[in-house]
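The chain contents come next:
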Amino acid sequence: MKLGPKLDAMADGVKLPLLNVFPLHQTPGGWAQRSMLGQPMTPLMIINDWFEKQDGEVQVEIAGMAALLMFDGADLVDLGSHEQVEFLRHWLSEVGLQAYTVVGRALTFRVCFEYFAEDRFTDFGWRLSEKALRKALEAPEHAPNSDTMRLASHARRMLDGLPARKNKWIEVGKSWRELADACLTSSALRDWTSSQTEQPPRQWLSG
């Protein structure tokens, strides 16, 4: 997969001792392992499957989280949001990785995503956000200046959009928790790694 000279160079330069995980698809009975051409998907493919099902706004926010924490030294923060999404997509779908690299990447993504996003998965987290925004709205009353006025205007816009964002992210959290509990626990990853040592080496498909 070619991302352009700048992104290709950055992707080559990312050195993370991490692992690639198996992608699943959701069925009425829960998460079930999917296969392509007879080959089961890796944990990373499962994560990538989930990522691709999110809307564009959520993908941009997740890629921004990854740029801040996961790709230290890759200078991704200076890239545009579309380039950040493409870089994360490439990182999740890279083929030919060893089992330990697959698992390492899967765990890295899980820790990074939950570190930044877990507060968005609950009503309590959104109540804290609403409280902080309402406090920002009151700031001009106590210290009227251009900075507090600008902050209050931004807080008002965020409050107006908060109910829709809350509903969206709570649904994102539900789908992520279902995936993580089924496929990204320590025991699930150990089982997957063991299954790879019992088979001849193979080239994993990117899905």
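For the structure itself, consult the block above.
A brief report on the enclosed structure follows.

Taking 1.5 Å of rise per residue, twelve residues should cover 16 Å, and helix H8 (residues 186-197) covers 17 Å from first to last C-alpha, within 8% of that figure. Within H8 the residues assigned to the buried category are Ala-188, Leu-189, Trp-192 and Gln-196. On an axial view of H8, the arc spanned by its buried residues comes to 95 degrees, and they lie on one face. Summarising the geometry of H8, the exposed residues directed more than 90 degrees from the buried face are Ser-186, Arg-190, Asp-191 and Thr-197.

Take the nonpolar core next. Grouped together as the largest cluster of nonpolar side chains are 45 residues, with contacts concentrated most on Leu-88, Phe-109, Phe-113, Trp-169 and Trp-176. The dominant element in this core, judged by the number of residues it contributes, is helix H7 (residues 146-183), at ten residues. In this structure Trp-176 touches Ile-47, Trp-50, Phe-109, Arg-110, Phe-113, Glu-114, Phe-121 and Leu-184, once residues within four positions along its chain are discounted.

Parameters at a glance
Residues numbered from 1 in each chain as written. Predicted model: local features only at pLDDT ≥ 70, side-chain atom pairs only at ≥ 80, totals over all residues. Heavy atoms only, no water. Helix = DSSP H or I, 4+ residues; strand = E, 2+ residues; numbered from the N terminus. Expected span 1.5 Å × (residues − 1). Buried < 20%, exposed > 50% of the residue type's maximum accessible area, 1.4 Å probe, protein only. Arc of directions from axis to C-beta. Core = buried A, V, L, I, M, F, W, Y, C linked by side-chain atoms within 4.5 Å. Contact = heavy atoms within 4.5 Å.

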